[in-house]
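Residue-level structure breakdown
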Amino acid sequence: MTDLKALRADFIKTLNSYYDKEEIINFFSWLAEDILELKTHQLLLNKEVNLDENKLAKFKSATERLQRQEPIQHILGYTEFFGLKIKVDSSVLIPRPETEELVQWVIDDYSAKNHQFSLIDLGTGSGCIPIALARQLPQAKIKALDVSKEALSLAAINSKENNVEIELIEEDILELEYLQEVDVLVSNPPYVKYDEQEGMSNNVLKNEPHVALFVYDDDPLVFYRKIAELSLKQKKRPVIYVEVSQYLANETRDLFINYGFDQVELRKDFRGNDRMLKAY
Ligand SMILES: C[S@@+](CC[C@H](N)C(=O)[O-])C[C@H]1O[C@@H](n2cnc3c(N)ncnc32)[C@H](O)[C@@H]1O
């Protein structure tokens, strides 16, 4: 029999110097449910449980990987996004909670519309955005584009496992001359300046693809400029929803205003930072 209280105390002690306590407790619950296959009531009771050697060995290996600062989502092979299980690996950005808020904004604006409309997600990574949107907006015809073949393969698996149909396109956004006509354009493009690396954790820098994160310091809004230009070339301008850098939110808003978009709205995320923008 394994004493859960002792297992938990030992886990906290082992990871104490790497993470804060609240995070360690969350990791424990996640691993206990996923690897040890324990139910919430067993965790709450904190009593002795019967665990086989195989599960305990997996738990130990996961703890060691956490010590090496590997993201828990890579250890488990998935994350949760908008209540869906999304597979992740080192070829894609791990979906962030603030991106769920961008998805919610689109859903709030479109769920009441009954007619079919088209939507594209630029820089789709794991496919988290179009998959969550496809589940909530069955009237949308959805495409998703990325430059990374590996990311698109994972997005294909994720859309299949979540029972949605998305057209996946391999293209470099910055090389596109035109975009097929769409009603809605969503994007969480790379927007972190290389000079922000110092303040970032190793956990992110060593494990997430730099192509998904970084833009050159002298042109950090390059993707937003391209998104604005591609949209202006369409017969009817799409409604644009983008995630933005909290440090460049005003500059990003001004960019869309300067391109002639009359409706430009910035929104804060749950942490109170300007992180989302809608333009049309
Ligand atoms: C910030 S990540 C967003 C991933 C996902 N949409 C999410 O929200 O979790 C940016 C994505 O853009 C892709 N990307 C980077 N440069 C690109 C380019 N020039 N053309 C197309 N996709 C690009 C990366 O491969 C990555 O998947």
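One can find the structure itself at the top, above this paragraph.
Residues numbered from 1 in each chain as written. Predicted model: local features only at pLDDT ≥ 70, side-chain atom pairs only at ≥ 80, totals over all residues. Heavy atoms only, no water.

This part covers the overall build of the protein chain. For the protein chain, the count of helices and strands is 12 helices and 13 strands. Relative to its length of 280 residues, the protein chain is compact, with a C-alpha radius of gyration of 21 Å against a globular reference of 19 Å. Once the C-alpha set of the protein chain is aligned to its principal axes, its extents read approximately 70 × 40 × 35 Å. The proportion of buried residues among the 280 residues of the protein chain is 49%. The contacts in the protein chain between residues at least 6 apart in sequence include a share of 65% that link residues at least 24 apart. Carbon and sulfur atoms provide 45% of the accessible area of the protein chain, an area that totals close to 14,500 Å². Of the side chains in the protein chain, 34 bear a positive and 48 a negative charge, and the two mean positions are spaced by 4 Å. (Helix = DSSP H or I, 4+ residues; strand = E, 2+ residues; numbered from the N terminus. Rg over C-alpha atoms; globule rule 2.2 N^0.38 Å. Buried < 20%, exposed > 50% of the residue type's maximum accessible area, 1.4 Å probe, protein only. Contact = heavy atoms within 4.5 Å. Areas by Shrake-Rupley, 256 points an atom, 1.4 Å probe, with all protein chains shown as cover. Lys, Arg positive; Asp, Glu negative; His and termini not counted. Charge placed at Lys NZ, Arg CZ, Asp CG, Glu CD.)

In the vicinity of the ligand there are 19 residues, among which Gly123, Asp146, Asp172, Ile173 and Asn188 approach most closely. In the model, an oxygen atom of the ligand is placed 3.3 Å from a nitrogen or oxygen of the Gly125 main chain. Within the contact set of the ligand, an oxygen atom lies 2.7 Å away from a side-chain nitrogen or oxygen of Asp146. Protein contacts shield 96% of the accessible area of the ligand, which totals 600 Å² for the unbound molecule. Mapped onto the shell around the ligand, the elements with two or more residues apiece are helix H7 (128-136) and helix H10 (210-213). Looking at side-chain class alone, the shell around the ligand contains 11 nonpolar, 5 polar and 3 charged residues. (Near = heavy atom within 4 Å. Polar contact = N/O pair within 3.5 Å; in protein donor to acceptor, adjacent residues only side chain to side chain. Nonpolar A, V, L, I, M, F, W, Y, C, P; charged D, E, K, R; others polar.)

The next point concerns the sheet that holds strand S8 (residues 184-187). Within a sheet, each strand pairs with its neighbour through backbone hydrogen bonds, oriented either parallel or antiparallel. The 7 strands lie next to each other as S7-S6-S5-S8-S11-S13-S12, forming an open sheet whose pairing is mixed. What marks the edges here is a single partner per strand, and that holds for strand S7 (167-170) and strand S12 (264-268). The mean angle between the axes of side-by-side strands here comes to 20°, regardless of whether they run parallel or antiparallel. Alignment of strand S5 (residues 117-122) against S8, held across 4 bridges, turns out to be parallel. Note on S8: the bridge partner recorded for Leu122 is Ser187. The sheet contacts of helix H6 (residues 97-110) involve S5, S8, strand S11 (239-243), S12 and strand S13 (274-279), and relative to S11 the element is tilted by about 160°. Strands in contact with helix H8 (residues 149-161) are strand S6 (140-146) and S7; relative to S7, the strand with the most contacts, it is inclined by about 175°. (Pairing = 2+ DSSP bridges. Axes fitted to C-alpha atoms, helices over the stretch in contact; angles between N-to-C directions.)

This part takes up the side chain of Asp269. Structurally, Asp269 is set in the loop between S12 and S13. With a relative accessible area of 5%, Asp269 lands in the buried category. In this structure the side chain of Asp269 is engaged in a polar contact, spanning 2.9 Å, whose partner is the backbone nitrogen of Arg271. Once residues lying within four places of it in the same chain are set aside, the contact partners of Asp269 are Glu98, Glu101, Arg275 and Met276.

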